[in-house]
Amino acid sequence: MSSMIAAQPVEGPYDLCYSISSRPQFPEVTIHFRDADVKLSPTNFFMNISEDLVCSVFNARNGIPLYGNIMQTNFLIGYDIVGRTVSFKPTAPSSSN
């Protein structure tokens, strides 16, 4: 993914981090599941870690990718236990006044 971002990665607490001052432009990312593709905006994939550091939240444990809570933000997730399917419905971001 770093090859798709026109900024130099920096040292950080996660595998892929950037300085906000370098104004990185992040692409949309598509996660491929069996029979489903979920398009994620940069806000579902990158998180501000500090005032000048943003990092990818995509992670893996023992070589298995994790689809975590940041990636699920602004999605309704449906679980059909009988049909053994999971569905994803994008929702509008909530706004706080």
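The structure this text deals with has already been given above.
Residues numbered from 1 in each chain as written. Predicted model: local features only at pLDDT ≥ 70, side-chain atom pairs only at ≥ 80, totals over all residues. Heavy atoms only, no water.

1. Description of the overall build of the protein chain
As a reminder of what qualifies: Helix and strand labels come from DSSP, where a helix needs a run of H or I of at least four residues and a strand needs a run of E of at least two; each type is numbered from the N terminus. Between buried and exposed lies partly exposed: a residue is buried under 20% and exposed over 50% of the maximum accessible area for its type, with that area taken using a 1.4 Å probe on protein chains only. Note on contacts: a residue pair qualifies if any of its non-hydrogen atoms lie within 4.5 Å across the two residues. For the charge count, each Lys or Arg is scored as positive and each Asp or Glu as negative, with His and the chain ends excluded. Taken as the charge centre is NZ of Lys, CZ of Arg, CG of Asp or CD of Glu, depending on the residue.
On a plain count of helices and strands, the protein chain comes out with zero helices and nine strands. Its helices and strands in sequence order give the protein chain the pattern β-β-β-β-β-β-β-β-β, from N to C terminus. Expressed as a percentage of its 97 residues, the buried residues of the protein chain come to 25%. Restricting to contacts in the protein chain with at least 6 residues of sequence separation, those with at least 24 account for 38%. A gap of 9 Å separates the mean positions of the 6 positive and 8 negative side-chain charges of the protein chain.

2. Some words on the nonpolar core
Here is the rule: Residues enter a nonpolar core if they are buried and are Ala, Val, Leu, Ile, Met, Phe, Trp, Tyr or Cys, with the set joined through side-chain atoms within 4.5 Å.
Counting 15 residues, the largest nonpolar core has Tyr18, Leu40, Phe45 and Phe46 as the members making the most contacts within it. Apart from residues no more than four positions distant in its own chain, Tyr18 is found in contact with Ser2, Ile5, Ala7, Gln8, Pro9, Val10, Pro24, Phe26, Phe46, Asp52, Leu53 and Val54.

3. Concerning the sheet that holds strand S4 (residues 46-50)
What counts here: Should DSSP find at least two bridges between two strands, the strands are taken to pair. For every element, the axis is a line fit to its C-alpha atoms; helices are fit only across the contacting stretch, and the angle between N-to-C directions ranges from 0 to 180 degrees.
If you trace the three strands from one edge of the open sheet to the other, you get S1-S5-S4, paired in antiparallel fashion. Each end of this open sheet is capped by a strand with a single partner; those strands are strand S1 (17-19) and S4. This sheet shows a mean twist of 30 degrees between the axes of neighbouring strands, independent of strand direction. Pairing of S4 with strand S5 (residues 53-56), which is carried by four bridges, proceeds in the antiparallel orientation. Residue Ser50 lies in a different strand from S5, and its bridge partner there is Leu53.

4. Describing the state of the cysteines
Stated formally: Disulfide assignment relies on a single distance test, namely cysteine sulfur atoms paired within 2.5 Å.
Evaluation of the coordinates by the stated rule reveals one disulfide. Between the sulfur of Cys17 and that of Cys55 lies a disulfide, 2.0 Å long from S to S. Between Cys17 and Cys55 the sulfur-sulfur dihedral comes to about 105 degrees; the bridge is accordingly right-handed. Taken together, the residues Cys17 in strand S1 and Cys55 in strand S5 connect sequence positions 38 residues apart. Residue class for Cys55 comes out buried when judged on its relative accessible area of 0%.

5. Considering unusual backbone geometry
Even without glycine at this site, Arg23 takes up a positive phi of about 50 degrees. In this fold, Arg23 is placed in the loop between S1 and strand S2 (29-33).

6. Describing the packing of aromatic side chains
Quick reminder of the rule: To pair, rings of Phe, Tyr and Trp, with the six-membered ring standing in for Trp, must have centres within 6.5 Å; the planes then decide the type, stacked if under 30 degrees apart, edge-to-face if over 60, and tilted in the middle.
Applying the stated rule across the entire model yields five aromatic pairs. Aromatic pair Phe26 and Phe46: ring centres 3.8 Å apart, planes at 15 degrees, arrangement stacked. Here the residue Phe26 occupies a position in the loop between S1 and S2, and Phe46 occupies one in strand S4, the gap between them amounting to 20 residues. We classify Phe46 as buried; its relative accessible area is 7%. Members of the aromatic cluster, joined through ring pairs, are Tyr18, Phe26, Phe45, Phe46 and Phe58.

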